[in-house]
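Inside the fold
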Amino acid sequence: MSYSGPEFDPPRQRRFRRAPLAVGLAALVPGALLGWVVYEGAGRPGGSPGAGAAGQADPATPKSAPVSPTDDAKVASPSAALPLRGKVVVIDPGHNPGNFQHTSEINQKVNIGTNWKECDTTGTSTNAGYSEARFTLDVAHRLRTLLERQGATVKLTHDGDRPAWGPCVTRRAEIGNAAHADAAISLHADGAPEGDRGFHVILPASVHSGAADTRPIVASARTLGERVESGFAKVTGSAPSNYVGNGTGLDVRADLGGLNLSTVPKVFIECGNMRDSKDAALLTSGAWRQKAAQGISEGIVSFLRG
Ligand code: ZN
């Protein structure tokens, strides 16, 4: 299902990449392949309307655009078109926009293996009041669209729907476990002092205590986290955090229930610092959130394709 809200900016990259391909192919090959190009131009299942429109000839596109046979084969193969077919990804939008109105529910304590913690928290917000929970839900929708377009089955731990709070961090982990997710990611933005900038990915520490046993997933989660770190840096152009992780963009924690209780490869990402004015300008931009989702998606795709 594609998401289109008032702040949605459709990805433009594909438009410019595909137009020369379609025009080049139309000039070179008749018949069946041209038929495929028309199909492609009309939009594959899950394709965005913007990308579909790129199939129409763009008068500004040079007709001599080169077409490599390798590219043709890659695009025409169904398995290449849906590389994540059969893969399950669980996206956990951190917090919940309704948590602010349900403090007694979210403050109940749950056991995360190592200790007891609040069921969920309100999360942070920008100084102008754009909440982390709204941010995470928006990026989750964008990320879901991108991953489904690659053929993945995507589940969200909540969709800002009922109940209007939580779920508890324990439940967020259970949802990924029950889905036998091939990869799971919890989306967040930080609430650090002004001047603290950048993003970081949080990996599970090796924990074996009570119901928590991350030993089987520590290595795979690290690989997932490294791929997400790399994809996010590349697509957003953001620098790794200047206040956590010594410039690596990676942190390891043993105090997060969502990681401690996971039996599937799972990481958190803090996409930026909502309390820093420069980071806040990025986090509140729909165009930037699309890049954030794209970067995370590229990391997950890289991980799942091995
Ligand atoms: Zn958070």
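Throughout this description, residue numbers start from 1 for each chain and increase along the sequence as written. Since the coordinates come from a predicted model, pLDDT governs what is reported: local features require at least 70, and pairs of side-chain atoms require 80 or more to be given and counted, while whole-chain, interface and lining totals use all residues. The side-chain numbers reported here are obtained from all heavy atoms of the structure, hydrogens and water having been left aside.

**A look at the state of the cysteines**
Heads up, the rule is: Note on terminology: pairs of cysteine sulfur atoms within 2.5 Å are recorded as disulfides. Working definition: helices are DSSP H or I runs of at least four residues, strands are E runs of at least two. Numbering for both runs from the N terminus. Working definition: with a 1.4 Å probe on protein chains only, accessible area under 20% of the residue-type maximum means buried, over 50% means exposed, and in between means partly exposed.
Taken as a whole and judged by the stated rule, the model has one disulfide. Between the sulfur atoms of Cys119 and its disulfide partner Cys168 the distance amounts to 2.2 Å. One quick way to see it: the torsion about the S-S bond of Cys119 and Cys168 is about -95°, and its sign makes the bridge left-handed. With Cys119 in the loop between β3 (116-118) and α7 (132-149) and Cys168 in the loop between β4 (153-156) and α8 (169-178), the pair connects residues that are 49 residues apart, well separated along the chain. Here Cys119 falls in the buried class, since its relative accessible area comes to 0%.

**Points about the pattern of salt bridges**
Worth spelling out the cut-off: The rule for a salt bridge is simple: a side-chain nitrogen of Lys or Arg has to be within 4 Å of a carboxyl oxygen of Asp or Glu.
Taken as a whole, this structure holds 13 salt bridges when the rule is applied. Put simply, Arg142 and Asp138 hold a salt bridge, and the shortest N to O gap is 2.6 Å. With Arg142 and Asp138 both in helix α7 and four residues apart, this pair spans about one turn of that helix. Asp138 carries the same exposure label as Arg142, and that label is buried. Members of the salt-bridge network, linked through shared partners, are Asp92, Asp120 and Arg172.

**What to know about the coordination of the zinc ion**
As a reminder of what qualifies: Donor criterion used throughout: N, O or S atom within 2.8 Å of the metal, extended to 3.2 Å for Na, K and Ca. Water excluded; incomplete-looking sites may result.
At 2.0 to 2.1 Å from the zinc ion lie its protein donor atoms, namely His95 (NE2), Glu132 (OE) and His188 (ND1). Coordination of the zinc ion draws on donor residues from a single chain, spaced H-x36-E-x55-H in sequence. In this pair, Glu132 sits in helix α7 while His188 sits in strand β5 (residues 183-190), placing the two residues 56 residues apart along the sequence. Here Glu132 matches His188 in class, with each residue buried.

**Describing the nonpolar core**
Selection criterion: What we call a nonpolar core is a set of buried Ala, Val, Leu, Ile, Met, Phe, Trp, Tyr and Cys residues that are connected through their side-chain atoms within 4.5 Å. Should any heavy atoms of two residues lie within 4.5 Å, those residues are considered in contact.
With 38 residues, the main nonpolar core has Leu147, Ile269, Ile296 and Ile300 as its most contacted residues. Taken together, the elements giving at least two residues each to this core come down to β1 (88-93), α7, β4, β5, β6 (200-204), α9 (218-236), β10 (266-273) and α12 (286-305). Per-element accounting of this core gives the leading share, eight residues, to α12. Those residues in contact with Ile300 that sit more than four places away from it in its chain are Val89, Leu143, Leu147, Ala183, Ile185, Leu224 and Val228. In terms of nonpolar packing, the next biggest core, distinct from the first, is built from seven residues, Ile175, Ala179, Ala181 and Val264 among them.

Read these as spatial facts, not as claims about activity.
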